[in-house]
Amino acid sequence: MLSRVADSLYWMGRYIERAEHSSRVLAVRLESMIEQSKEDADRAWARVAAALSAEEFAGHSHDAFAITSALSFSRINPSSLVSSLRFARDNARQAREQLSTEVWEHLNRLYLRLQPVTVESVWVHQPARLFRDVLEDLYTLEGVIFTTLRHGEGWYFVELGRYTERAQLVSRLLAIHFGAQANPELVPPPKYVDWLVLLKYCTAFEPYCKEHTAAIRPERIAEFLLFDAEFPHSVKFAIDRMREALAHVAPGAPPQRRALCERLAGRLKAAVDFGQIDELIGGTIDAFLVEITRQCEEIHEAVYAAYIAYGAETVL
Amino acid sequence: MQHGAMAAAENEVRDARPGRDAPYKDYVLDRAYDEMFAADGQVRPHCAALHRRLSELSADELTRRQQACEQSFLHQGITFTVYSDNQATERIIPTDLLPRIVTAKEWARVEAGLKQRITALNLFLRDIYSDCRVLKDGIIPRSMIYGSKHYRREMRGIAVPHGAYVNVCGTDLVRREDGAFVVLEDNLRVPSGVSYMLANREVVRRAFPGVFRAAGVQAIEHYPQELLATLKSLAPYQEDVSIAVLTPGVFNSAYFEHAFLARQMGVELVEGRDLVVNDNAVYARTTSGLKRIDVIYRRVDDDFIDPLIFREDSALGVPGLFNAYRAGNVVIANALGTGVADDKAVYAYVPRLIRYYLSEEPIIDNVETFLCRESASLSHVLANLDSLVVKAVGESGGYGMLVGPHASHAEREAFAEKLKADPENYIAQPTIQLSTAPTFVDGAVEARHVDLRPFILCGEKTTIVPGGLTRVALRRGSLVVNSSQGGGSKDTWVLND
C-alpha cells in the first residue's frame, strides 16, 4: 500500500473517532444538564471543554451554548465535530480508490448533510437530538467500514488510527475527572450524576452496571474504563487493538523496520495489562494517564518513521 | 389482466409533436440536424420509444428523476470545486437525464473512421519523432511542427511500444446540418470525461429502465478492463505488470475520474510525491518498501511530468522520470509530445495525413478549416469574421476563441487586430450548427446543441467502447459544450442492430 494512502486511512480513522467522541459527549452533556444545578452544570461543561481542548474556542466561558458551539459547528476549532468530519472526508478522498463506494458515500452524505447546519439553528430545538443522529450515522459508518472493506492492510491502518485516538480521548477524559493535582477546580464533587455521566461519555454505563451493578464507585469506574479487557471503549481494549493493527500493517516490511513499533506497542500493552487500580488511585493516576498518552504519541512517531515518511535512500 | 390491458389502451399517448404538445411545447427545430425529430417534425424511428415515454411522464416525475440523478452525483463526489468569497463550494457537472441515441449503422461508420484516424495520427507522431518523412516530402510545413509549443525535441529517437504514441484519445465529433458526423478536434494529450460517460450510464439506466431494456443498448461498462488491457499491452513483459495512474492530486478538477479509473482497474493511484526514481527505474513508496512501477497512465500534462527536463517549478512531477522513460524502464501513456498532433493547425492536415500514410480516403471528414497562416485564407477570414469561429491554435477548452455570429462588433474588431498581429496562431471554421438533442429543461423537453466524444484506446490493438460522452450546451442556442463554460453531459446509447 502506498505510504501516502496509508497515512490518509490512518487519519481518516482518527478523525472519525474524534467526531464520534465529540458528538457523544455533546449529546450526553446536553441531555444531562437538565437535571443539574447551574453551578454543577457549569463545572461539568468546563470539564468537557478541557477534555476536548476547546476552552480557547469557547472564549474560556463555561456557558453551555458557547462550548457546544465551539465543539460542534465551529469551523475555526480544528477538533470540532464539523472540522473532524471535514478532515475525515478529505482523507477519505485522498484514499478514495482504497475505500469501498459504500464507505465513501456514507461519509460524504454525512458531511454534506451537516454543511448547512449552524449551532443557532440546532440550539432552539432539542440540540441533543442532532448529535444523537450524527452519532447513529457514525456507528453505521463503523459498521459499513467493518463489513465492506477487505480486512487487509488498509483496514488495519483505519483501525490503528481509530484506536490510537480512542486511547488518548478516554485517557484525557479520565485525567480531567480524576486529576486532582492538575485541575483542582474541575474535580467533580462526589456526586452520583457526574460519575454516571462520565460512564455515558464512553457508552459505558450499561456495560459497567453489568460488571459492577449500579453501585457507582469512582475507583471501579476508573478501573473499568482503564483496564477492562472486553469493553470497546476502555483504554486497554484500544491498546490491544492498536497492537493487533500494528502486527498487520506493512506485511512486507523487513523485521528491523518493524522492531521499534512492535516493542513500543508491547511496552504500552504491559502497562495496561499489569496496572493495578489501587496503586493508582492513591495519587499516581495523573502520571499514569500522561504516560499512556505520551506512549501513544511515541508509537505514532515510530509508525511514521518506519512506514510513512522513511527516506527512500534508507531502503535502496 | 383484462382490466389492466384496457386501462393501458385508454391511457395510450398519441405522439406528441415539437412546438405543439407537452412536453415538447417549447421544442424548436431550426436548421440544425435534430437527433430525435426529422425536419418535418416526425420522430426518427430509433427514438420512438424514448419519445413516447417522455410524453407519458409528468413534468413533476421527470423533475424528480433528474433530482435523484443529481443527488447521486453529489453523493458519489462527482464534483468540481468553485472558489469564491474564500468559500469553496462543490458543484456537480450538470448531467441531463435524456439519453442521446445513435443507431448501430451510424456507429459502425464512426468507429471505422476513428480507427483510421488514430492509426494515421500515431504513424504521423512516429514519423516526426524519427525519420520526418512527412516533412521531407513537403506534406506539412516544418515550421508548423518545430514551431509548435507541444513538440518535444526530447522524444526524438525514443522507441514507443507498438508505435502507439496516443494510447487514450478523446475525439470530438459533431454532426453537420446534413446529419454527417465530422471531427471537430482530436484530443491526444490527457483527454478526460470517460468517468462521466460511465456515471451517466449508471444513473440514466436507473431513470429509464424500461426504455433502456427495450432499446437494446450496447454495453460500455467494460471500458476500465479495455483500458487496463491496453496499458498492460505496453509493458515490456506480461507477467506481474505493475501499473499506476498518475494524478496531479485531489485539487485537480478531474480527480474523481483518476480515482475512479484506478479503482475500476484495480491499480494504484499515485501522485508525483509517491514516486522516486533510482538508477533509472521508477518506484512507488509503499508501507512495505519501494515497489517497482512498469506502466504509468499519466493524467499530468507533459510540462509538469519531470521538473529536471520540463518545467522546473513543477511540484506534480517526478524528478528523473523522463530518463527512466528514455532508458525503457517505464512506459508513460500517453507518450510525451503527442500534443503536436492535436494542434488546431495540424488538424487541418489530418485528411492529407490519412491519405499519405494509409493511402485511403478519410471516412470521417474534418470541418472545413482556414489556416490563417496562408494569406488568401487570412483575408477571407477577416472579411467573414461575422460568420466564422476563430480559434487559437494551441488552446483548448473553449478558451481563446471568437464565435463570430455571437460576438459584438467591438469584439470582432479587437479580435481582428490579434489575428493580424499573429496569423500563424489562428485557424477559422464556419460556425457549425451542432446537432440538437432533446434535453430536460425546467420541466419540459427542449432542443439543445450537442457534440460527441468517443474514447479510443490504442495499444497492441485499437478498441473503442460504443458511444462516448455526449456534451450538451445547456443554454438555449449556445454552441459551446465545454464544461468550463456552462456545458453538461448526457448518456449516449449506441443501439444493437
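Residues numbered from 1 in each chain as written. Chains lettered and ligands numbered in written order. Predicted model: local features only at pLDDT ≥ 70, side-chain atom pairs only at ≥ 80, totals over all residues.

(A) Main features of the sheet that holds strand E6 (residues 243-246) of chain B. Residues and elements named next belong to chain B. Spatial ordering of the open sheet is given by E7-E6-E11-E12, a layout of four strands whose pairing is parallel. With one partner strand each, in any of the chains shown, strand E7 (268-270) and strand E12 (331-333) form the two edges of the open sheet. Along the sheet, successive strands turn relative to each other by an average axial angle of 25°, direction set aside. Of the pairings in the sheet, the one linking E6 to E7 comprises three bridges and is parallel in character. Bridge pairing links Leu246 to Val270 in E7. Taken strand by strand, helix H10 (residues 255-265) contacts E6 and E7, and its axis lies near 150° from that of E7. (Pairing = 2+ DSSP bridges. Helix = DSSP H or I, 4+ residues; strand = E, 2+ residues; numbered from the N terminus. Axes fitted to C-alpha atoms, helices over the stretch in contact; angles between N-to-C directions. Contact = placed C-beta atoms within 7 Å.)

(B) Structural detail: the environment of Asn496 of chain B. Residue and element names in this part refer to chain B. Note that Asn496 resides in the segment after strand E23 (487-494). Sequence separation between Asn496 and Ala215 is 281 residues, and the spatial gap between their C-alpha atoms is 8.1 Å. Residues in contact with Asn496, not counting those within four places in the same chain, are Ala104, Gly216 and Gln218.

(C) Main features of the interface of chain B and chain A. Every contact between the two is made by 23 residues of chain B and, on the other side, 24 residues of chain A. Within the side of chain B that touches chain A, the residues separate by chemical class into nine nonpolar, eight polar and six charged. (Nonpolar A, V, L, I, M, F, W, Y, C, P; charged D, E, K, R; others polar.)

(D) Local environment of the domain arrangement of chain A. Residues and elements named next belong to chain A. Considered domain by domain, chain A is made up of domain 1 (1-149) and domain 2 (165-316). Domain 1 puts 20 residues into the contact, and the matching count from domain 2 is 18 residues. Elements represented by at least two residues in the side of domain 1 that touches domain 2 include exactly helix H1 (3-32) and helix H2 (38-51). (Domains from an automatic or database assignment.)

(E) Inspection of the sheet that holds strand E22 (residues 470-473) of chain B at higher detail. All names here are of chain B. Spatially, the three strands line up as an open sheet ordered E3-E23-E22, and their pairing is mixed. The outermost strands of the open sheet, each flanked by one partner alone, are strand E3 (95-102) and E22. For this sheet, the mean inter-axis angle between neighbouring strands, taken without regard to orientation, is 40°.

(F) Region of the structure containing helix H3 (residues 64-71) of chain A. Residues and elements named next belong to chain A. Most of H3 is tucked away, with six of its eight residues classed as buried. For H3, the complete set of buried residues consists of Ala64, Ile67, Thr68, Ser69, Ala70 and Leu71. Of the surrounding secondary structure, the elements contacted by the buried residues of H3 are H1, H2, helix H4 (81-94), helix H6 (119-123) and helix H7 (127-148). (Buried ≥ 20, exposed ≤ 12 C-beta atoms within 10 Å, placed from the backbone.)

(G) Highlighting H7 of chain A. All names here are of chain A. With 22 residues, H7 ought to run about 32 Å at 1.5 Å a step, and its terminal C-alpha atoms sit 32 Å apart, in line with that. By the burial criterion, the buried members of H7 are Pro127, Leu130, Phe131, Val134, Leu135, Asp137, Leu138, Leu141 and Ile145. Along H7, the residues classed as buried sweep out an arc of 160° about the axis, all on the same side. Facing away from the buried side of H7 by more than 90 degrees, the exposed set consists of Glu136, Thr140, Gly143 and Thr147. Check the buried side of H7 and you find it contacts H1, H3, H4, helix H5 (101-114), H6 and helix H8 (153-178). (Expected span 1.5 Å × (residues − 1). Arc of directions from axis to C-beta.)

(H) Looking closely at the packing of H5 of chain A against H7 of chain A. All names here are of chain A. Axis separation between H5 and H7 bottoms out at 9 Å; the angle between their running directions is 165°. Judged on the interaxial angle alone, H7 and H5 are roughly antiparallel. Along this stretch, H5 crosses H7, giving a crossing that reads as left-handed. Note on element contacts: H7 touches H5 through Asp137, Thr140, Leu141, Val144, Ile145 and Thr148, opposite Glu102, Val103, His106, Leu107 and Leu110. (Parallel < 35°, antiparallel > 145°, perpendicular 65-115°, else oblique. Left-handed = near helix turned anticlockwise from the far one by under 90°.)

(I) Just unusual backbone geometry, in detail. Cis rather than trans, the peptide bond between Ala22 of chain B and Pro23 of chain B has omega equal to -5°. With respect to the helices and strands, Pro23 of chain B occurs in the loop between helix H1 (2-11) and helix H2 (48-56). The linkage connecting Ala333 of chain B with the following residue, Asn334 of chain B, adopts the cis geometry, with an omega of -10°. With respect to the element layout, Asn334 of chain B can be found in the loop between E12 and helix H12 (344-347). Phi is positive for Thr203 of chain A, close to 50°, though the residue is something other than glycine. Relative to the helices and strands, Thr203 of chain A resides in the loop between helix H9 (192-201) and helix H10 (205-212). One non-glycine residue, Asp442 of chain B, lies in the positive phi region at around 45°. With respect to the secondary-structure elements, Asp442 of chain B resides in the loop between strand E18 (436-441) and strand E19 (444-449). Taking the number of C-beta atoms within 10 Å as the measure of exposure, Asp442 of chain B has 8 and is therefore exposed.

(J) Spotlight on the environment of Thr119 of chain B. Residue and element names in this part refer to chain B. With respect to the helices and strands, Thr119 occurs in helix H4 (residues 104-128). C-beta crowding within 10 Å serves as the criterion here: with 18 such atoms nearby, Thr119 is assigned to the partly exposed category. Each C-alpha atom, one on Thr119 and one on Val166, is 9.5 Å from the other, the two residues being 47 residues apart in sequence.

(K) Inspection of the packing of H4 of chain A against H5 of chain A at higher detail. Residues and elements named next belong to chain A. Where H4 meets H5, the closest approach of the two axes is 10 Å, and the angle between their N-to-C directions is 145°. Our pair here, H4 against H5, has a crossing hand that is left-handed. Contact residues: Val82, Leu85, Arg86, Ala88, Arg89 and Ala92 in H4; Trp104, Leu107, Asn108, Leu110, Tyr111 and Leu114 in H5. Per-class residue counts for the contact of H4 with H5 are nine nonpolar, one polar and two charged.

(L) Spotlight on the pairing of strand E5 (residues 181-187) of chain B. Residues and elements named next belong to chain B. The buried fraction of E5 is high, at six of seven residues. In the sheet, strand E4 (residues 168-175) pairs with E5 via six bridges, with the strands oriented antiparallel. By the bridge assignment, Val174 is partnered in E5 with Val182. The pairing of E5 with strand E13 (residues 365-366) spans two bridges and is classified as parallel.

(M) Representation of the pairing of strand E11 (residues 295-298) of chain B in the model. Residues and elements named next belong to chain B. Of the two faces of E11, both are covered, the one formed by Val295 and Tyr297 as well as the one formed by Ile296 and Arg298. Sheet topology places E6 next to E11; four bridges connect them, and they run parallel. Counterpart to Val245 in the pairing with E11 is Tyr297. Each parallel crossover has a hand, and for E11 linked through helix H11 (residues 321-326) to E12 it is right-handed. (Right-handed = clockwise from strand over helix to strand, strands pointing away.)

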